[in-house]
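# Secondary and tertiary structure notes
Chain residues, written in single-letter form:
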Amino acid sequence: MSSQADILSPQKKADRAHGSTNAAGFTDYFDLDGLLTEEHKLIRQTIRDFVKREISPNIERWAQEAHFPSEIVREFGEVGAFGPTIPTEYGGGGLDYISYGLIMQEIERGDSGMRSTASVQGSLVMFPIYQYGSEEQKQKFLPKLASGEWLGCFGLTEPDHGSNPGGMVTKLEDKGDYYLLNGAKLWISNSPECQVAVVWAKNEEGRIKGVIVERGMEGFTTPEIHNKWSLRASCTGELVFDNVRIPKENVLPNVEGLKGPLSCLDSARFGIAWGAIGAAIDCYESALKYSLEREQFGKPIGGFQLQQRKLAEMLTEITKAQLMAWRLGVLKNEGKATSAQISMAKRNSVHMALEVAREARQIHGGMGITGEYPIMRHMMNLESVITYEGTHDIHLLITGADITGIQAFK
């Protein structure tokens, strides 16, 4: 007896193989587009077109050469990728958080390093200046950061203090007319090319303050980190402060303590929760296409049970992550999203994306390790994404503390 699948027309078989595909070109198995506004879809398509035009044709070469395309900074500004949720009066997009998530998703479909450039600028530099800065600071810095005229970075992690930011040793001393900044930050995206750095340091009383450090201040240097196997198209470096004089007007006046940097990380982690889904989608699409084209034993490998299991599980996990990210975006728009919810989404999306990348690599066989396909690049990038802005383990413990009321990591 013939099964239903056997008697479908060739066109219906193709439709079923590809699921329901929306305007952005990825499989939308649960019609998630029905949850988006027309503006959301337009924003997503605009960024998707930008990535296909400016990033995708070049990213394998950039990654192979460990080249950061500095021209992309201005281009990101022109397309509205920097600070999309910042009000328009300061050069931002004035958009909601689902729009921001979709922008990060589409950029990371191109490359995690490119998304890092954009999310650091918007969530870790522009956000704290907007949220905690003076009106003068907002007017001075935000428009130039939004346009891409300036690139910014975020200084929290130190050589000896990563998951424990409260242990930082970078010091800010009050000298009367100015502050003196001493210390160092490590693993800082954008630092070698930055014009502005939002840096967190302890004052004499041990309270954490945020300061805006500008390129050209004496004693401020940004050595680049070389020989990375991951995020090779992103520039990463250090921030070194040797008796840097910080004008008092460069201190963020409206925040003190870990609340400042951790709220910035919440914003960035939200973007990662969406962005990592983009990397997973790119791996899945490549694997599906390859499975339908690559033949072994007289038929496409997509016709074998084990390959279909891989594809089905990949799509299932992507869909689950999309639903979580969308719901988180709704909560964020309503001002209800908690730090613990954001942690869960970040951890889930990145872990899922890594598993999808690994399964996609197997479907591609030996070709999966080459630059002919995006799989290995995404996989290497995601090994950084699963660690930065809160490691996989720390996010698990954040969830654990939230559900038990007992903190396990201090």
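The rules behind each value
- Residues numbered from 1 in each chain as written.
- Predicted model: local features only at pLDDT ≥ 70, side-chain atom pairs only at ≥ 80, totals over all residues.
- Heavy atoms only, no water.
- Helix = DSSP H or I, 4+ residues; strand = E, 2+ residues; numbered from the N terminus.
- Polar contact = N/O pair within 3.5 Å; in protein donor to acceptor, adjacent residues only side chain to side chain.
- Contact = heavy atoms within 4.5 Å.
- Phe/Tyr/Trp six-rings, centres within 6.5 Å; stacked < 30°, edge-to-face > 60°.
- Buried < 20%, exposed > 50% of the residue type's maximum accessible area, 1.4 Å probe, protein only.
- Lys NZ or Arg CZ within 6 Å of the ring centre and 35° of its normal.
- pLDDT = per-residue confidence, 0-100.
- UniProt positions renumbered as here; feature names shortened; annotations may be inferred.
- Salt bridge = Lys/Arg side-chain N within 4 Å of Asp/Glu carboxyl O.
- Lys, Arg positive; Asp, Glu negative; His and termini not counted.
- Pairing = 2+ DSSP bridges.
- Axes fitted to C-alpha atoms, helices over the stretch in contact; angles between N-to-C directions.
- Parallel < 35°, antiparallel > 145°, perpendicular 65-115°, else oblique.
- Left-handed = near helix turned anticlockwise from the far one by under 90°.
- Nonpolar A, V, L, I, M, F, W, Y, C, P; charged D, E, K, R; others polar.

So, on to the side chain of T222. Within the secondary structure, T222 sits in the loop between β6 (220–221) and β7 (236–247). Within the structure, T222 has its side chain in polar contact with the side chain of R215 (distance 2.9 Å). Non-local contacts of T222, meaning those with residues more than four positions away in its chain, are made with S191, P192, C194, R215, E238 and L239.

This brings us to the packing of aromatic side chains. A complete count under the given rule lists 12 aromatic pairs for this structure. Centre to centre, the rings of Y97 and F270 are 5.7 Å apart; their planes meet at 90 degrees, and the pair counts as edge-to-face. Here F270 lies in helix α9 (residues 259–293) and Y97 lies in helix α6 (residues 97–110), a separation of 173 residues in the sequence. For Y97, a relative accessible area of 18% gives the class buried. Geometrically, the ring pair formed by F220 and F241 is stacked, given 5.7 Å between the ring centres and 10 degrees between the ring planes. Taken together, the residues F220 in strand β6 and F241 in strand β7 connect sequence positions 21 residues apart. This pair shows no difference in class: F220 is buried, exactly as F241 is. The rings of Y97, Y100, F270 and W274 are connected pair by pair, giving a single aromatic cluster. Geometry around Y179 places K248 over its ring, the cationic atom sitting 5.0 Å from the centre. A cation over an aromatic ring shows up here: K299 above the ring of F304, its NZ or CZ 4.6 Å from the ring centre.

Scored by pLDDT, the protein has a mean of 93; 94% of the residues are at 70 or more. Scored below 50 in pLDDT, residues 1–25 shows 30 contacts in the model against residues more than four places distant or in partner chains.

To continue, consider the UniProt feature "domain: Acyl-CoA oxidase/dehydrogenase middle" (unreviewed entry) in the protein. As recorded in UniProt, the sites labelled "domain: Acyl-CoA oxidase/dehydrogenase middle" (unreviewed entry) are residues 153–244. Annotation note: span residues 153–244, helix share 0%, strand share 48%, distance between end C-alpha atoms 17 Å.

So, about the environment of A268. In this fold, A268 is placed in helix α9. With 121 residues separating them in the primary sequence, A268 and E389 have C-alpha atoms 7.7 Å apart. Setting aside residues up to four positions removed in sequence, A268 forms contacts with Y100, S123, L124 and E389.

Before going further, it helps to examine the pattern of salt bridges. Across all of its chains, the model carries 23 salt bridges by this definition. Residue K248 is joined to D174 by a salt bridge in which the shortest nitrogen-to-oxygen separation is 3.0 Å. Taken together, the residues span a long stretch of sequence, with K248 in the loop between β7 and α9 and D174 in strand β2 (residues 171–174) at a distance of 74 residues. A salt bridge links R358 to E355; the shortest N-O distance between them is 3.1 Å. Taken together, the positions of R358 and E355, both in helix α11 (residues 339–363) and 3 residues apart, correspond to about one turn of that helix. The exposure class of E355 is partly exposed, given its relative accessible area of 36%. Each of R48, E106, R109 and E285 takes part in a single network of salt bridges with overlapping partners.

Here the focus is the side chain of K138. Tracing the sequence through the fold places K138 in helix α8 (residues 135–147). Of the side chains with opposite charge, E135 lies nearest to the buried K138, which makes no salt bridge, at 4.4 Å.

Let us now look at unusual backbone geometry. One non-glycine residue, N190, lies in the positive phi region at around 80 degrees. A relative accessible area of 0% places N190 in the buried class. Even without being glycine, N227 reaches a positive phi, approximately 65 degrees. One can find N227 in the loop between β6 and β7. Overall, the relative accessible area of 75% leaves N227 in the exposed class.

What follows is about the pairing of strand β1 (residues 152–155). Neither face of β1 is left uncovered, since the one carrying G152 and F154 and the one carrying C153 and G155 both have all their residues buried. Pairing geometry for β1 and strand β4 (residues 196–202), over 4 bridges, is parallel. Residue F154 lies in a different strand from β4, and its bridge partner there is V198.

In contact at an axis separation of 8 Å, α9 and α11 are set at 20 degrees when each is read in the N-to-C sense. Of the possible angle classes, the one that applies to α9 and α11 is roughly parallel. Note on packing geometry: the crossing formed by α9 with α11 is left-handed. Here the contact of α9 with α11 is composed, by residue class, of 19 nonpolar, 4 polar and 3 charged.

What follows is about the UniProt feature "domain: Acyl-CoA dehydrogenase/oxidase N-terminal" (unreviewed entry) in the protein. The feature "domain: Acyl-CoA dehydrogenase/oxidase N-terminal" (unreviewed entry), as annotated in UniProt, sits at residues 37–149 in this numbering. A distance of 31 Å separates the end C-alpha atoms of residues 37–149, which is 73% helix and 0% strand.

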